[in-house]
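# Report on the structure
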Amino acid sequence: MENYQELTAKQQSFFQSGKTKDVSFRIDTLTKLKELMTSHEQDIIAALKADLNKPEVETKRAEIGLVLGEINFMIENLSSWSAPKEVETPSTHAGATSFIVAEPYGSALVIAPWNYPVQLAVAPLAGAIAAGNCAVLKPSELTPHTSSLLAKMINENFPKEYLRVVEGEVETSTALLKEKFDYIFFTGSTGVGKIVAEAAAKHLTPVTLELGGKSPAIVHEDANLDEAAARIARGKFANAGQTCVAPDYLLVNRKVKDQLIAKMQETITNTYGENVSENHDFPHVVSERHFDRLQKFLDNGDLVIGGKSDKSRLFIEPTILDNISWEDPVMQDEIFGPILPVIVYDELSEAINAIVDRPKPLALYLFSDEEAVQDEVLNTISFGGGAINDTINHMTSHYLPFGGVGNSGMGAYHGQASFDTFTHFKSILKRSNK
Ligand code: NAD
């Protein structure tokens, strides 16, 4: 195991040299990172195919494209984000001026999960770089081809006192978390998020926690069912349901449930073919442990769509379970797989109360064109972020800070929020001696 105390000490002294505070140095690093993503495109596609059977088009869009978009946006805006901002000064402080200086924290630790193993590692890393930090990245051990590719790309192109990828399992994370970093950015499960927060508290290190949870999709009786079916199916079954913001379960008005399910069947067939098990582009479940966990849900409620699985290829087909109750095992924890349970409601208030009684979700999706319904949902339920008449796409806008609340996390990133997350804003009052 690498000596992490030595690594963090080296990063501290590199940071103290002031090099990373130079905005053009940060832009050069971001440009180099972008070039590495582009020149390794085929390697990234191959690694994700090996780790998750991720289809090329998905890798290009959700792993490479999204990160390149983020980096470009950072490069374009970095000078303005990092410039000192003058603010007003109250009359009680007459004669003085006030401004806010954006200052990098120092050395940041980024811990990433396996489900979008490039995007969720490199997007926060880019934020740390843009803000002027040194960084250590710990990718997930469950996607070993991608993790070792990331290590090769970063470690062979940057000095370790500036950027370093450390591969390893829980022991590696645990050892890294013993060291004092100036910022910790963690993406993963709520349970591990608590472990990270506890470790960070020992050093009073600030954290961003990008966690998970059960994100509902509510389909109201007035919803456009064709669009709702297509957009829910796309958001749920992309990456075989292994997306943190995938709709976890469906809350649908009783009057439109049967119609919605029929339309979802059409969408699934149109997207993945009559027999999904023959579609070699459908991603597999990440590991046997996750496969076994998911397979136990297949007998919950009534199976209305899908249900086939094959452990030898870690394959589970897009599945919809009807007549689910809140007590069923599938409703106890985040599913994180291609299984969509359906619960009906008669009054919107029932759906709202049920969500509010449970931990705050990372995302929420509402399908309704009625403004009163939209207002009621937005004003009564707390959740990380979400969409009206869509799923998952809120996380691909640079202008929408992305993050959770309560059990689904704290803090946010993407676009300027990434820069802000890795920045300490230092407030200065400057008095004149005249
Ligand atoms: P995980 O929490 O098991 O692992 C995440 C990272 O933490 C990995 O690098 C892992 O090696 C490390 N880790 C695991 N156990 C640890 C421990 N005891 N101490 C320290 N580090 C430890 O999560 P996962 O299975 O990789 O990812 C799935 C979860 O992540 C889901 O809950 C999902 O919703 C969530 N997620 C959230 C987001 C988001 O942006 N909010 C994005 C993707 C995934």
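Just so you know, these numbers come straight off a predicted model, no measurement behind them.

Here the focus is the layout of surface pockets. In this model, the second largest pocket occupies a volume close to 540 Å³. Surrounding the second largest pocket, 34 residues form its lining, Glu58, Arg61, Arg234, Ala238 and Ile392 being those nearest its centre. Mapped by element, the contributors of at least two residues to the lining of the second largest pocket are α4 (56-82), α5 (119-130), α9 (225-237) and α10 (257-272). Broken down by element, the residue count for the lining of the second largest pocket peaks at six residues, all from α9. Residue composition of the lining of the second largest pocket, grouped by class: 17 nonpolar, eleven polar and six charged.

Residues Met37, Val219, Ile232, Val245, Leu250, Leu260 and Met264 are the most contacted members of the largest nonpolar core, which totals 92 residues. Mapped onto the domain boundaries, this core takes at least three residues apiece from domain 1 (4-211 + 409-431) and domain 2 (216-396). Beyond its immediate chain neighbours, meaning those up to four positions away, Leu260 contacts Val219, Leu225, Ala228, Ala229, Leu250 and Val252. Leu294, Leu321, Ile355 and Leu364 belong to the second-largest nonpolar core, a separate cluster that totals 30 residues.

Our next topic: the sheet that holds strand β7 (residues 207-210). What the six strands build is an open sheet, ordered β5-β4-β3-β6-β7-β17; its pairing is mixed. Both outer strands of the open sheet, β5 (163-165) and β17 (409-410), are each paired with one neighbouring strand and no more. Inspection of the sheet shows β7 paired to β17 by two bridges, in the antiparallel sense. Following the sheet pairing, Leu209 is matched in β17 by Met410.

Take Arg26: it is sitting in helix α2 (residues 23-39). Lacking a salt bridge, the buried Arg26 has Asp22 as its closest oppositely charged neighbour, with an N-O distance of 7.1 Å. Other than its neighbours up to four places away in sequence, Arg26 contacts Thr20, Lys21, Leu78, Ser82, Pro104, Ile129, Ala130, Ala131, Gly132 and Phe419.

Turning to the sheet that holds strand β16 (residues 385-388), a few remarks are in order. Taken in spatial order, the seven strands line up as β10-β13-β14-β9-β8-β15-β16 in an open sheet, and their pairing is mixed. Two strands lie at the open edges of the sheet, namely β10 (302-305) and β16, each paired on one side alone. Ignoring strand direction, the axes of neighbouring strands in this sheet form an average angle of 25 degrees. In this structure, strand β8 (residues 216-219) lies alongside strand β15 (residues 363-367), joined through three bridges in parallel fashion. Looking across to β15, one finds that Ala217 is bridged to Tyr365. Sheet contacts for helix α13 (residues 371-380): β8, β15 and β16; angle to β15, the most-contacted strand, approximately 165 degrees.

All right, on to the pattern of salt bridges then. Counted by the stated rule, this structure contains 19 salt bridges. Lys426 is the partner of Glu103 in a salt bridge, and the nearest nitrogen-oxygen pair spans 2.5 Å. Pair noted here: Glu103 is in strand β2 (residues 97-104) and Lys426 is in strand β18 (residues 423-430), with a separation of 323 residues, a long-range link. Of the residues examined, Lys426 reaches a relative accessible area of 33% and is grouped as partly exposed. Here Asp322 and Lys257 are joined by a salt bridge, their closest N and O atoms 2.9 Å apart.

Let's shift gears to helix α8 (residues 190-202). Helix length check: α8 (13 residues) gives 19 Å between terminal C-alpha atoms against 18 Å at 1.5 Å per residue, within 8%. If you check which residues of α8 are buried, you get Gly193, Val196, Ala199 and Ala200. One side of α8 carries all its buried residues, which in axial view fall inside an arc of 125 degrees. In this structure, α8 carries Lys194, Ile195, Glu198 and Lys202 as exposed residues pointing more than 90 degrees from its buried face. Following α8 by one or two positions, Leu204 adopts a phi angle in the positive range, close to 55 degrees.

Let us look at the site of the ligand. Taken together, 27 residues surround the ligand, and among them Ala112, Glu141, Ser189, Leu211 and Glu334 come closest. At 2.8 Å, a side-chain N or O of Trp114 approaches an oxygen atom of the ligand. Between Glu141 and the ligand, the recorded distance is 2.6 Å, taken from a side-chain N or O atom to an oxygen atom. Contact with the protein chains hides 91% of the accessible area of the ligand, taken as 840 Å² for the molecule alone.

Here the domain parsing of the protein yields domain 1 (4-211 + 409-431) and domain 2 (216-396). Here the C-alpha centroids of domain 1 and domain 2 sit 31 Å apart. Contacts between the two partners involve 15 residues from domain 1 and, on the opposite side, 15 residues from domain 2. With both sides pooled, the region where domain 1 packs onto domain 2 buries about 1400 Å², and carbon together with sulfur makes up 57% of that total. When residues of domain 1 are sorted by the area they lose upon contact with domain 2, Leu52, Asn53 and Trp114 head the list and together hold 31% of the total.

Turning our eyes to something else, we now look at empty space enclosed by the protein. A complete count under the given rule lists one cavity of 30 Å³ or more for this structure. Lining the largest cavity, in full, are Gly213, Lys236, Gly241, Thr243, Cys244, Ala246, Asp248, Glu334, Ile335 and Phe336. When grouped by side-chain class, the residues that make up the lining of the largest cavity number four nonpolar, three polar and three charged.

Tallying each qualifying case throughout the model produces 16 aromatic pairs. Note on Trp81 and Phe419: the rings are 5.8 Å apart at their centroids and 45 degrees apart in plane angle, and the pair reads as tilted. Remark: Phe419 occurs in helix α14 (residues 416-421) and Trp81 occurs in helix α4; sequence separation between them is 338 residues. For the pair shown, Trp81 and Phe419 are each scored as buried.

So, how was this worked out
- Residues numbered from 1 in each chain as written.
- Predicted model: local features only at pLDDT ≥ 70, side-chain atom pairs only at ≥ 80, totals over all residues.
- Heavy atoms only, no water.
- 1 Å grid on protein atoms, 1.4 Å probe; cavity = no way out; pocket = protein on both sides within 12 Å on 5 of 7 lines; lining within 4 Å.
- Points joined across faces, edges and corners; volume = space filled by probe spheres on them.
- Helix = DSSP H or I, 4+ residues; strand = E, 2+ residues; numbered from the N terminus.
- Nonpolar A, V, L, I, M, F, W, Y, C, P; charged D, E, K, R; others polar.
- Core = buried A, V, L, I, M, F, W, Y, C linked by side-chain atoms within 4.5 Å.
- Buried < 20%, exposed > 50% of the residue type's maximum accessible area, 1.4 Å probe, protein only.
- Domains from an automatic or database assignment.
- Contact = heavy atoms within 4.5 Å.
- Pairing = 2+ DSSP bridges.
- Lys, Arg positive; Asp, Glu negative; His and termini not counted.
- Salt bridge = Lys/Arg side-chain N within 4 Å of Asp/Glu carboxyl O.
- Axes fitted to C-alpha atoms, helices over the stretch in contact; angles between N-to-C directions.
- Expected span 1.5 Å × (residues − 1).
- Arc of directions from axis to C-beta.
- Near = heavy atom within 4 Å.
- Polar contact = N/O pair within 3.5 Å; in protein donor to acceptor, adjacent residues only side chain to side chain.
- Areas by Shrake-Rupley, 256 points an atom, 1.4 Å probe, with all protein chains shown as cover.
- Buried area = accessible area lost by both parts, 1.4 Å probe.
- Phe/Tyr/Trp six-rings, centres within 6.5 Å; stacked < 30°, edge-to-face > 60°.

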